[in-house]
Amino acid sequence: MKTIKRIALVAHDNCKQELLDWVKCHWNEIIQYELVCTGTTGNLVEEMLLQCMDENGDEFRLNMTKLKSGPLGGDQQLGAAICNAEIDALFFFWDAMEPQPHDVDIKALLRIATLYNIIYACSRSTADLIITSPFFSNGFHFGKNEQIDKYKNRILQ
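Definitions and cut-offs
Residues numbered from 1 in each chain as written. Predicted model: local features only at pLDDT ≥ 70, side-chain atom pairs only at ≥ 80, totals over all residues. Heavy atoms only, no water. Core = buried A, V, L, I, M, F, W, Y, C linked by side-chain atoms within 4.5 Å. Buried < 20%, exposed > 50% of the residue type's maximum accessible area, 1.4 Å probe, protein only. Helix = DSSP H or I, 4+ residues; strand = E, 2+ residues; numbered from the N terminus. Contact = heavy atoms within 4.5 Å. 1 Å grid on protein atoms, 1.4 Å probe; cavity = no way out; pocket = protein on both sides within 12 Å on 5 of 7 lines; lining within 4 Å. Points joined across faces, edges and corners; volume = space filled by probe spheres on them. Nonpolar A, V, L, I, M, F, W, Y, C, P; charged D, E, K, R; others polar. Pairing = 2+ DSSP bridges. Axes fitted to C-alpha atoms, helices over the stretch in contact; angles between N-to-C directions. Phe/Tyr/Trp six-rings, centres within 6.5 Å; stacked < 30°, edge-to-face > 60°.

Asks: Please clarify how the nonpolar core should be interpreted in this entry.
Replies: In terms of nonpolar packing, the biggest core is built from 30 residues, with L9, W22 and F91 touching the most fellow members. Sorting the residues of this core by element identifies β1 (6–11), α1 (16–30), β2 (34–38), α2 (39–55), β4 (89–93), β5 (119–121) and α5 (124–132) as the ones contributing at least two each. Per element, the largest residue contribution to this core is six residues, and it comes from α1. With sequence-adjacent residues up to four places away left out, W22 is seen in contact with L9, I30, F91, F93, R124, A127, D128 and I131. Formed by 16 residues, the second largest nonpolar core is a distinct cluster that contains F92, L110, A113 and I118.

Pasting the structure below:
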């Protein structure tokens, strides 16, 4: 059984503060995982986690990979990592009210997250439920989406 250990954190500009508030609320859980973040979000999350650890006298080693900014290819890097089974969960605080220059990349990322059946949250309430779930911290096993096998085994005519 695979344990959940690598989580991706992504936030659009108008949602970065909400993600940082969430990180501050759940920092003690979040630092237990390997983190992957896109662009500026990674810098902000790292700063917040280090601040929380410092305030609480925690010297836990932060394990974070920072990708490119979403519009500069970070969403695609993250999608590739999901396809390669390198991401177990995605917390994506995206701006549903503001068009993005890379909307097609965002749609592709969410499609890949669904296709590969990883755990993902696109809102604070869902993120709260996931990060505090005993299933999440105890290595909930998620199966591969059968759509992938059906596609691989299709008969072309």
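Asks: Looking at this model, I keep getting lost on unusual backbone geometry. Mind explaining?
Replies: It is generally the case that most residues other than glycine have a negative phi and that most peptide bonds are trans. With a phi angle near 60°, A85 is a residue other than glycine that sits in the positive phi range. Even without a glycine there, the phi angle at N117 is positive, about 55°. Locating N117 in the fold gives a position in the loop between α4 (103–115) and β5. The class for N117 is partly exposed, based on a relative accessible area of 35%.

Asks: For this particular structure, what's the right way to read the layout of surface pockets?
Replies: Here the idea is plain: a probe the size of a water molecule rolls over the atoms and shows the empty space left. Considering only enclosed or pocket space, the largest pocket measures out at about 240 Å³ in volume. Lining the largest pocket we find 18 residues, and of these A11, H12, D13, K16 and P71 sit closest to its centre. For the lining of the largest pocket, the secondary structure elements donating two or more residues are β1 and α2. Of the residues forming the lining of the largest pocket, the biggest block, three residues, is contributed by α2. Among the residues forming the lining of the largest pocket, the class breakdown is three nonpolar, 10 polar and five charged.

Asks: Just checking my understanding: could you explain the sheet that holds strand β3 (residues 64–67) for this structure?
Replies: Hydrogen bonds along the backbone pair up the strands of a sheet, which may run parallel or antiparallel. Spatially, β3-β2-β1-β4-β5 is the arrangement adopted by the five strands of the open sheet, whose pairing is parallel. Unpaired on one side and paired on the other, β3 and β5 mark the two borders of the sheet. Strand-to-strand twist in this sheet, taken as the mean axis angle between neighbours without regard to direction, amounts to 15°. Bridge count for β4 against β5 is three bridges, and the pairing is parallel. By the bridge assignment, A89 is partnered in β5 with I119. Of the strands in this sheet, β1, β2 and β4 touch α1, which is tilted by about 160° from β1. Those strands touched by α2 are β1, β2 and β3, and its axis lies near 135° from that of β2.

Asks: Help me understand the packing of aromatic side chains, please; the structure alone is not making it clear to me.
Replies: The relative placement of two aromatic rings is captured by the distance of their centres and the angle of their planes. Across all of its chains, the model carries four aromatic pairs by this definition. Where W22 meets F91, the ring centres are 4.9 Å apart and the plane angle is 35°; that geometry is what we call tilted. Here W22 is found in helix α1, whereas its partner F91 is found in strand β4, with 69 residues between them in sequence. The two residues W22 and F91 agree in class, both being buried. With 6.1 Å between their ring centres and 80° between their planes, F91 and F136 make a pair best called edge-to-face. Pair noted here: F91 is in strand β4 and F136 is in helix α6 (residues 134–137), with a separation of 45 residues, a long-range link. Of the two residues, F91 and F136, neither departs from the other in class, the shared state being buried. Aromatic ring contacts, followed pair by pair, group W22, Y33, F91, F93 and F136 into a single cluster.

Without other data, these values stay purely geometric and don't point to any function.
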